[in-house]
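Spelled out, the chains give:
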Amino acid sequence: MKLKNKINFLVLLIFIGFGAGTAQAQFFGFSVDTAVDYTVAPDKVTGGTLGIINPIPFLPNFGYTQIEFKDETIDVDEVNKKLNSDVSIKSYSAFFIIPFPVVAVSLGGGVGELSVKSTFSGLSNEPTVSKPIVEAFTKIGLPFWNFLEFHMGIHVIKVSSEVDRAKAFSGISEYSQAFSSIDTKKDYTGTLTTVGLQFAF
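Residues numbered from 1 in each chain as written. Predicted model: local features only at pLDDT ≥ 70, side-chain atom pairs only at ≥ 80, totals over all residues. Heavy atoms only, no water.

1. Here's the deal with the environment of T39
Turning to its location among the elements, T39 is positioned in the loop between β1 (29-38) and β2 (46-53). Classification of T39 as exposed rests on a relative accessible area of 52%. For the pair formed by T39 and G190, sequence separation is 151 residues and the distance between their alpha carbons is 5.4 Å. With sequence-adjacent residues up to four places away left out, T39 is seen in contact with G190 and T191. Reaching out from T39, the side chain makes a polar contact with the backbone nitrogen of T191 at a distance of 2.9 Å. (Helix = DSSP H or I, 4+ residues; strand = E, 2+ residues; numbered from the N terminus. Buried < 20%, exposed > 50% of the residue type's maximum accessible area, 1.4 Å probe, protein only. Contact = heavy atoms within 4.5 Å. Polar contact = N/O pair within 3.5 Å; in protein donor to acceptor, adjacent residues only side chain to side chain.)

2. Here's the deal with the packing of aromatic side chains
Counted according to the given criterion, the structure contains five aromatic pairs. In this structure an aromatic cluster arises from ring pairing among Y38, F69 and Y188. (Phe/Tyr/Trp six-rings, centres within 6.5 Å; stacked < 30°, edge-to-face > 60°.)

3. As for empty space enclosed by the protein
Taken as a whole, this structure holds three cavities of 30 Å³ or more when the rule is applied. Lining of the largest cavity is provided by S31, T49, L50, G51, G63, Y64, T65, S93, F95, F137, K139 and H155. If you list the elements that add at least two residues to the lining of the largest cavity, you get β2, β3 (61-70), β5 (81-99) and β7 (128-144). A per-class count over the lining of the largest cavity returns four nonpolar, seven polar and one charged. There is about 40 Å³ of room inside the second largest cavity. What lines the second largest cavity is S31, I53, F95, S106, K139, E149, H151 and Q198. Tallied by class, residues from the lining of the second largest cavity come to two nonpolar, four polar and two charged. (1 Å grid on protein atoms, 1.4 Å probe; cavity = no way out; pocket = protein on both sides within 12 Å on 5 of 7 lines; lining within 4 Å. Points joined across faces, edges and corners; volume = space filled by probe spheres on them. Nonpolar A, V, L, I, M, F, W, Y, C, P; charged D, E, K, R; others polar.)

4. With respect to the side chain of T194
Its location among the elements puts T194 in strand β11 (residues 190-200). Setting aside its immediate chain neighbours within four residues, T194 contacts D33, T34, A35, V36, T49, H151, M152, G153 and H155.

5. A closer look at the nonpolar core
Counting residues in each nonpolar core, the largest one holds 17 residues, and the members touching the most others are Y38, I67, F69, I89, L114 and Y188. Contributions of two or more residues to this core are made by β1, β3, β5, β6 (104-120) and β8 (148-159). Beyond its immediate sequence surroundings of up to four residues, Y188 is in contact with Y38, V40, F69, D71, V87, L114, V116, V159, V163 and R165. Within the second largest apolar cluster, nine residues are counted, among which are I74, F120, F169 and F179. (Core = buried A, V, L, I, M, F, W, Y, C linked by side-chain atoms within 4.5 Å.)

Okay, structure coming up:
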C-alpha cells in the first residue's frame, strides 16, 4: 500500500511539474544573453544572443547570435609590421523549449557566417575573409515565477575551414618572403558560453 501511495504521489508531482512547465510556455516572450567566453578568442568577447519565444506547440522559436572579438596580433619582424584581425560571427537559429518540473531545456541549431577583417601596418586596405558556419546549442534555464527565467547557454560553432589572415598581404611581392615563415592560418571553430534572462508576457 505504501508503494502504491509513493507511485501515485510521484505521478502527481510529474503531472503538476509538466503542467506548470506547459502553462509557463503558453506566453510570448524573448530572451537576451550576453557572451561570457569563446574558446578561440584570446581575450574579451562581446555580443550575445537574442531569442523570440512563441506559445504555439511544436512551432520552433527563433534566435540570433552575434559576437565579436580581436584576434592576437602577429608581429612580422622581418618588415617591422603588425598583422591585426577583427573577428565577427553571426548566425540565425531555430530552437525548441523542453519543459521539465524544475528546469527548462532549449535545444537548437542555426547557420551563419564568420568574417575576419585584417589590417597590416602601413597599408590602407582592410580585406575581409568570410566562411560559412553551423551552430548547435543548448540552454538550461531556472524559472522564477511565470515570467522570468535565468539560463546558461553552450553554443558549439563549427567553421567550414581555416582562415588565412594574411592571404591578401602575402601575395604582395615585398611581403611574401616575410610571411613565408609565419603561420597565419587559424581554425575559428569553438564553443561559446552565454548567460541571460528570458521574459514572458
